[in-house]
Amino acid sequence: AKESAEQAAANKEAAEKSGMLEDQVKQYRDEVSRSQQEVDRLLEILKEMENEKHEKDLRIRELERQMRDSNKKLASIKHREQTEKKKNAQLLEEARKHADDQSESSQQMQSIMRHKEERIEELEEALRQSVNITAEREMLLAQTQAGKQTVEKQVEELSQEIDRMKKHLQATNAKLASTSLSLQEKEDRLAQLRADRKKQLLEVMDMKQEALLAAISEKDANIALLELSSSKKKKTIDDVAALKREKDQFVQQLKQQTQNRMKLMHDNFDEEMNGSSVTDGQGPSPDQEEEEGIWA
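Note that the coordinates shown come from a computational prediction; the quantities given were computed from them, not determined experimentally.

About the cut-offs
- Residues numbered from 1 in each chain as written.
- Predicted model: local features only at pLDDT ≥ 70, side-chain atom pairs only at ≥ 80, totals over all residues.
- Heavy atoms only, no water.
- Helix = DSSP H or I, 4+ residues; strand = E, 2+ residues; numbered from the N terminus.
- Contact = heavy atoms within 4.5 Å.
- Areas by Shrake-Rupley, 256 points an atom, 1.4 Å probe, with all protein chains shown as cover.
- Expected span 1.5 Å × (residues − 1).
- Buried < 20%, exposed > 50% of the residue type's maximum accessible area, 1.4 Å probe, protein only.
- Salt bridge = Lys/Arg side-chain N within 4 Å of Asp/Glu carboxyl O.
- pLDDT = per-residue confidence, 0-100.
- Core = buried A, V, L, I, M, F, W, Y, C linked by side-chain atoms within 4.5 Å.

Caption draft 1: Expanded view of the overall build of the chain. Within the chain, the secondary structure is distributed over five helices and zero strands. From first element to last, N terminus to C terminus, the chain shows the α and β order α-α-α-α-α. In the chain, 89% of the contacts between residues at least 6 apart in sequence involve partners at least 24 apart. When the accessible surface of the chain is split by element, carbon and sulfur atoms take 49% of a total near 20700 Å².

Spelled out as structure tokens, the structure:
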């Protein structure tokens, strides 16, 4: 009986530990799920920021191309302006040389000079507009580059956050695997304890049945001896009746033991292997009922 009590206590402790480990496994799985969702969210944000960064890169390249075109146009305008100034200087010099001899040509030359000066003013205005456009584009390019740097910094921060989440997820997975392994070991130990307990109960039942059979055989022998005796005394008759009553009691106990054994043999073994446990406030397990029936 002491060994059975110790066995029951060990079963209860193993069941409680198994329940605690199952709760830990569930908690780790929930944490893994939340971590995975957070990683997916960060990856989605990172994807959006990568797309934004790509668009800004395209915009920067377009602005740089436009600036190169503007610089080429500006250089062309400056070159033409210098060429016009050189031509005007040459024409002015020639006009001065021939001013005295060619008065009519002088007037024509002045008209040409006025036309050239107007052309120069137009070129200077175009140059100023081109400079303004170039300055605006340079400012826009600087703003775009600043935005690109901001996006790159955010992408880097998100990448670091994703790496941190991945490491946390790996650590949680490792902890979950360790806990699952420990839970499996506890469940295997609990199953072994239950199997040993059932074996011990069956052995005790066999011993009880053998004792009852021996007691019944002894009662039958005593009854036969008394019935074979020639004495018809009242005491002898009473002794036979008492022995028969005791025999009937033993027979009833033997039937009860047989029923208990059949119940134990047909118990739901699958439920026991799955680690079913008895919690506080619940009734006794089938094994406990059988153990109480053995010593009834």
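Caption draft 2: Structural view of helix H3 (residues 234-265). With 32 residues, H3 should reach 46 Å at 1.5 Å per residue; the first-to-last C-alpha distance of 46 Å fits that figure. Regarding H3, the residues found buried are Thr236, Val240, Leu243, Leu254, Gln257, Asn260 and Leu264.

Caption draft 3: Quick look at the pattern of salt bridges. Evaluation of the coordinates by the stated rule reveals nine salt bridges. With its nearest N and O atoms 2.4 Å apart, the salt bridge here joins Lys219 to Glu246. Of the two residues, Lys219 sits in helix H2 (residues 103-228) while Glu246 sits in helix H3, which places them 27 residues apart along the sequence. For Glu246, a relative accessible area of 32% corresponds to the partly exposed category. It is possible to trace a salt-bridge network through shared partners that takes in Glu62, Arg65 and Asp69.

Caption draft 4: View of the confidence of the model for the chain. For the chain, per-residue confidence averages 77 on the pLDDT scale, and 81% of positions sit at 70 or higher. Averaged pLDDT values over the elements of the chain bottom out at 45 in helix H5 (residues 286-294) and peak at 88 in H3. Low pLDDT, under 50, characterises residues 288-296; the stretch is placed with 21 contacts to residues that sit more than four places away or in other chains.

Caption draft 5: Structural view of the nonpolar core. Formed by Val39, Leu42, Leu46, Met49, Val151, Val155, Leu158, Ile162 and Met165, the largest nonpolar core amounts to nine residues. Put simply, the parts of the chain that give this core at least two residues each are helix H1 (2-97) and H2. Of the residues forming this core, the biggest block, five residues, is contributed by H2. Residues within four places of Met165 in sequence aside, it is in contact with Ser35, Glu38, Val39 and Leu42.

Caption draft 6: Representation of the environment of Lys219 within the structure. The buried category is assigned to Lys219, whose relative accessible area is 14%. A C-alpha to C-alpha distance of 7.3 Å links Lys219 and Lys244, two positions 25 residues apart in sequence. Here Lys219 is in contact with Leu243, Glu246, Lys247 and Phe250, once residues within four sequence places are set aside.

Caption draft 7: Structural detail: the environment of Ser130. One can find Ser130 in helix H2. The exposure class of Ser130 is buried, given its relative accessible area of 11%. Along the sequence, Ser130 and Asn71 sit 59 residues apart, while their C-alpha atoms lie 8.6 Å from each other. Once you skip the residues sitting within four places of it in the chain, Ser130 turns out to touch Ser70 and Leu74.

Caption draft 8: View of the environment of Val151. Along the chain, the position of Val151 falls in helix H2. Residues Val151 and Glu50, 101 residues apart in the sequence, show an inter-C-alpha distance of 8.2 Å. Residues in contact with Val151, not counting those within four places in the same chain, are Met49, Glu52, Lys53 and Lys56.

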